[in-house]
Amino acid sequence: MTFHEIRFPASLSFGALGGPERRTEIVTLANGFEERNTPWAHARRRYDAGLGLRSMDDVEDLIAFFEARQGQLIGFRWKDWSDYRSCFPSQQIDPDDQLLGMGDEVRRAFQLVKHYRSGTVTYTRPITKPVAGSVRIAIGGVPMVEGVDYTLDLTSGVVTFDTAPDEEAEVRAGFAFDVPVRFDTDAILIAASRFEAGEIPNVPVVEIRI
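Residues numbered from 1 in each chain as written. Predicted model: local features only at pLDDT ≥ 70, side-chain atom pairs only at ≥ 80, totals over all residues. Heavy atoms only, no water.

Trainee: Please give an account of the overall build of the chain that cites residues and values.
Mentor: Looking only at helices and strands, the chain features 3 helices and 17 strands. A principal-axis box enclosing the C-alpha atoms of the chain has dimensions of 65 × 55 × 35 Å. The buried share among the 210 residues of the chain stands at 40%. Sequence-distant contacts, at least 24 apart, represent 74% of the contacts inside the chain between residues at least 6 apart. (Helix = DSSP H or I, 4+ residues; strand = E, 2+ residues; numbered from the N terminus. Buried < 20%, exposed > 50% of the residue type's maximum accessible area, 1.4 Å probe, protein only. Contact = heavy atoms within 4.5 Å.)

Trainee: Tell me about the pattern of salt bridges, and name the residues and values.
Mentor: Under the definition given, this model contains 13 salt bridges. Residue Glu-34 is joined to Arg-36 by a salt bridge in which the shortest nitrogen-to-oxygen separation is 3.0 Å. We classify Glu-34 as partly exposed; its relative accessible area is 42%. With a closest N to O distance of 3.3 Å, Arg-172 and Asp-96 form a salt bridge. Highlighted residues: Arg-172 in strand β15 (residues 170-174) and Asp-96 in the loop between β6 (75-78) and β7 (98-102), separated in sequence by 76 residues. Residues joined in a network through salt bridges with shared partners are Glu-5, Arg-7, Arg-77, Lys-129 and Asp-178. (Salt bridge = Lys/Arg side-chain N within 4 Å of Asp/Glu carboxyl O.)

Trainee: Can you explain the sheet that holds strand β17 (residues 204-207)? Please cite residues and give values.
Mentor: Two modes of strand pairing occur in sheets, parallel and antiparallel, and in both the strands are linked by backbone hydrogen bonds. Spatially, the 6 strands line up as an open sheet ordered β1-β6-β16-β17-β5-β2, and their pairing is mixed. Only two strands of the sheet have a single partner each, and these edge strands are β1 (3-7) and β2 (17-21). With direction set aside, neighbouring strand axes in the sheet form an average angle of 30°. Of the pairings in the sheet, the one linking strand β5 (residues 44-48) to β17 comprises 3 bridges and is antiparallel in character. If you follow Tyr-47 over to β17, its bridge partner there is Val-205. (Pairing = 2+ DSSP bridges. Axes fitted to C-alpha atoms, helices over the stretch in contact; angles between N-to-C directions.)

Trainee: Talk me through helix α2 (residues 56-68); I want residue IDs and the actual numbers.
Mentor: Spanning 13 residues, α2 covers 18 Å between terminal C-alpha atoms, matching the ideal 18 Å at 1.5 Å per step. Within the sequence span of α2, burial applies to Asp-58, Val-59, Leu-62, Phe-65 and Phe-66. Considered in projection along α2, the buried side chains sweep an arc of 130° and stay on one side of the axis. Opposite its buried face, α2 presents the exposed residues Asp-57, Glu-60 and Glu-67, each directed more than 90 degrees away. Just past α2, the residue Gln-70 takes up positive phi, approximately 55°. (Expected span 1.5 Å × (residues − 1). Arc of directions from axis to C-beta.)

Trainee: An account of the sheet that holds strand β12 (residues 142-143) is needed here, citing residue identities and associated values.
Mentor: Read across the open sheet, the 4 strands follow the order β7-β15-β11-β12; overall the sheet is antiparallel. What marks the edges here is a single partner per strand, and that holds for β7 and β12. Note that strand β11 (residues 136-139) and β15 share 4 bridges and pair antiparallel. In the sheet register, Ile-137 faces β15, and the bridge partner there is Ala-173.

Trainee: Describe unusual backbone geometry, naming the residues involved and giving the relevant values.
Mentor: Glycine aside, residues mostly have negative phi, and peptide bonds are mostly found in the trans state. In the Ramachandran plot, Gln-70 falls in the positive-phi region, its phi being about 55° despite a non-glycine side chain. Checked against the element boundaries, Gln-70 lands in the loop between α2 and β6. Exposure remark for Gln-70: the relative accessible area of 48% places this residue in the partly exposed category. Phi is positive for Glu-168, close to 65°, though the residue is something other than glycine. Secondary-structure assignment places Glu-168 in the loop between β14 (158-161) and β15.

Trainee: Lay out the nonpolar core with the relevant residues and their values.
Mentor: Ranked by size, the top nonpolar core spans 18 residues in total, and within it Phe-8, Leu-62, Phe-76, Trp-78, Val-181, Phe-183 and Val-205 carry the most contacts. Those elements giving two or more residues to this core turn out to be α2, β6 and β16 (179-183). When sequence neighbours within four positions are dropped, the list of residues in contact with Phe-8 reads Ser-13, Ala-49, Leu-62, Phe-65, Phe-76, Arg-77, Trp-78 and Phe-183. Judged by nonpolar contacts, the second largest core, of 17 residues, contains Phe-110, Ile-139, Tyr-150 and Ala-169. (Core = buried A, V, L, I, M, F, W, Y, C linked by side-chain atoms within 4.5 Å.)

Worth remembering: the numbers are spatial, not functional.
And the structure:
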């Protein structure tokens, strides 16, 4: 799959509308009860980039980005302003934010993840597009140094330690991240006169699996 490690202009995504989408298959039985199932283990996020456009200069930036990605063909990074860090929006990124796993003196590679908790239920989301310079790692509460203690693959979100963490040592991380997406259309239709009159073009963007 073709993917460009470039972020859609954050100033344009700031005003975008969007969020997670789930797919639920519902069958209503003859007795009125329902059977519900889902083929998706993870949500898929959708956005409308058109709502972030505020001027014709923004439109020019959008068209340039769209052409460089060849419409739906090439994926890119997207900053979801409603959910782009390992911590709450009011907090600062900390290496204690998310538990990646437990050491066993054998495993060296750990996937960045973000846990979403509600009551007794926890959903774990793989994070595949961390933001460079934002990732902080700790083992057993001790901060690690990138390039010395571990390496980070910014294209997959995999952290690889030089030495496997000790048995039962907590491997934790804090980070900022982007969403891997593509345009969900091969055409952008904009009328300058209508845009200046307040008509907003539809520019759908959809998350892709990496």
